[in-house]
Amino acid sequence: MTMAPALRKFMLTAHITFSVGWLGAVAVFLALAITGLTSSDALLVRTAYLAMGLSGWFVIVPSSLAALATGVVQALGTPWGLFKHYWVLVKLVLTVAATLLLLLHIQPIAYLAEVAAKADLSATDLRGLRLQLLADAAAALVVLLAATAISVYKPWGRIGKWRLQKQAHAQAVAAGHATAMPTPWGRYLLIAGLVLLLLFVIGKHLLGGGMGHH
């Protein structure tokens, strides 16, 4: 179903607004995580982690869910579709993964904010969790920047196009007019990137214990 132009523009505006808000909030979260880990000012450290807890619940989580929902609606209501183009599918996978990891990690973020609200944190208190917060914020920022770049450049073409090219090549071979089949390097890079991302997430959570080790 294709949306009317006015509705499509409204949904696109909403999607861009929530996506930019999510990206900006994660950038601020990263700055707060760095401050909380490196500052020697006890009041500043406490304030940083309290702000991280508030921004996590009231800005990042709503923005991520709204960006995901409006993105899905935008894809389904336009000719791009949700499973017609590689760039849409990859962006969906990245967004869903980032949202799920955020929802899994919001409890440790709230825990750290609760601890900071009750007492000052020394340089060694909950250091592993504080480092994990910083690393996860940096990784989330990279993922969101990658999703933004994918939206702009729209790489990899249409899903199923390579299969059609193979069929055309097979017909050309049968007719004696075969030409060199182009190598789908973009597709290989896409698969390799998704595999590396999956291995990174699995390795971090199985070997490092994730953010749940408080």
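Residues numbered from 1 in each chain as written. Predicted model: local features only at pLDDT ≥ 70, side-chain atom pairs only at ≥ 80, totals over all residues. Heavy atoms only, no water.

Caption draft 1: Seen up close, the packing of helix H1 (residues 5-38) against helix H4 (residues 127-153). Contact pair H1 / H4: the axes reach a minimum separation of 9 Å and the direction vectors enclose 155°. Regarding the angle of H1 to H4, the classification is roughly antiparallel. The interaxial crossing formed by H1 with H4 has left-handed handedness. Of the residues in H4, those touching H1 at Trp-22, Leu-23, Val-26, Ala-27, Phe-29, Leu-30, Ala-33, Ile-34, Gly-36 and Leu-37 are Arg-127, Arg-130, Leu-131, Leu-133, Leu-134, Ala-137, Ala-138, Ala-140, Leu-141, Leu-144, Leu-145 and Thr-148. Of the residues assigned to the contact of H1 with H4, the class counts are 18 nonpolar, two polar and two charged. (Axes fitted to C-alpha atoms, helices over the stretch in contact; angles between N-to-C directions. Helix = DSSP H or I, 4+ residues; strand = E, 2+ residues; numbered from the N terminus. Parallel < 35°, antiparallel > 145°, perpendicular 65-115°, else oblique. Left-handed = near helix turned anticlockwise from the far one by under 90°. Contact = heavy atoms within 4.5 Å. Nonpolar A, V, L, I, M, F, W, Y, C, P; charged D, E, K, R; others polar.)

Caption draft 2: Representation of the side chain of Lys-91 in the model. Mapped onto the elements of the fold, Lys-91 is located in helix H3 (residues 86-118). Despite being buried, Lys-91 has no salt bridge partner; Asp-136 is the closest side chain of opposite charge, sitting 22 Å away. Within the structure, Lys-91 has its side chain in polar contact with the side chain of Ser-151 (distance 2.7 Å). Setting aside chain neighbours within four positions, we find Lys-91 in contact with His-15, Ala-147, Ile-150 and Ser-151. (Buried < 20%, exposed > 50% of the residue type's maximum accessible area, 1.4 Å probe, protein only. Lys, Arg positive; Asp, Glu negative; His and termini not counted. Salt bridge = Lys/Arg side-chain N within 4 Å of Asp/Glu carboxyl O. Polar contact = N/O pair within 3.5 Å; in protein donor to acceptor, adjacent residues only side chain to side chain.)

Caption draft 3: Examining the environment of Leu-89 more closely. Residue placement: Leu-89 occurs in helix H3. A relative accessible area of 26% means that Leu-89 is categorised as partly exposed. When residues no more than four places from it in sequence are discounted, the contact partners of Leu-89 are Leu-82, Phe-83 and Ile-159.

Caption draft 4: Examining the pattern of salt bridges more closely. If you walk through the whole model with that rule in mind, you get two salt bridges. Among the ionic pairs, Arg-46 bridges to Asp-120, the shortest N-O distance being 3.0 Å. Linking Arg-46 in helix H2 (residues 42-76) with Asp-120 in the loop between H3 and H4, this pair joins segments that are 74 residues apart in sequence. Taking the relative accessible area as the measure of exposure, Arg-46 reaches 25% and is therefore partly exposed. For Asp-120, a relative accessible area of 46% translates into the label partly exposed.

Caption draft 5: Molecular detail of the packing of aromatic side chains. Applying the stated criterion across every chain, the model contains one aromatic pair. Relative to Trp-87, the ring of Trp-80 lies with its centre 5.2 Å away and its plane at 85°, an arrangement referred to as edge-to-face. For Trp-80, a relative accessible area of 37% gives the class partly exposed. (Phe/Tyr/Trp six-rings, centres within 6.5 Å; stacked < 30°, edge-to-face > 60°.)

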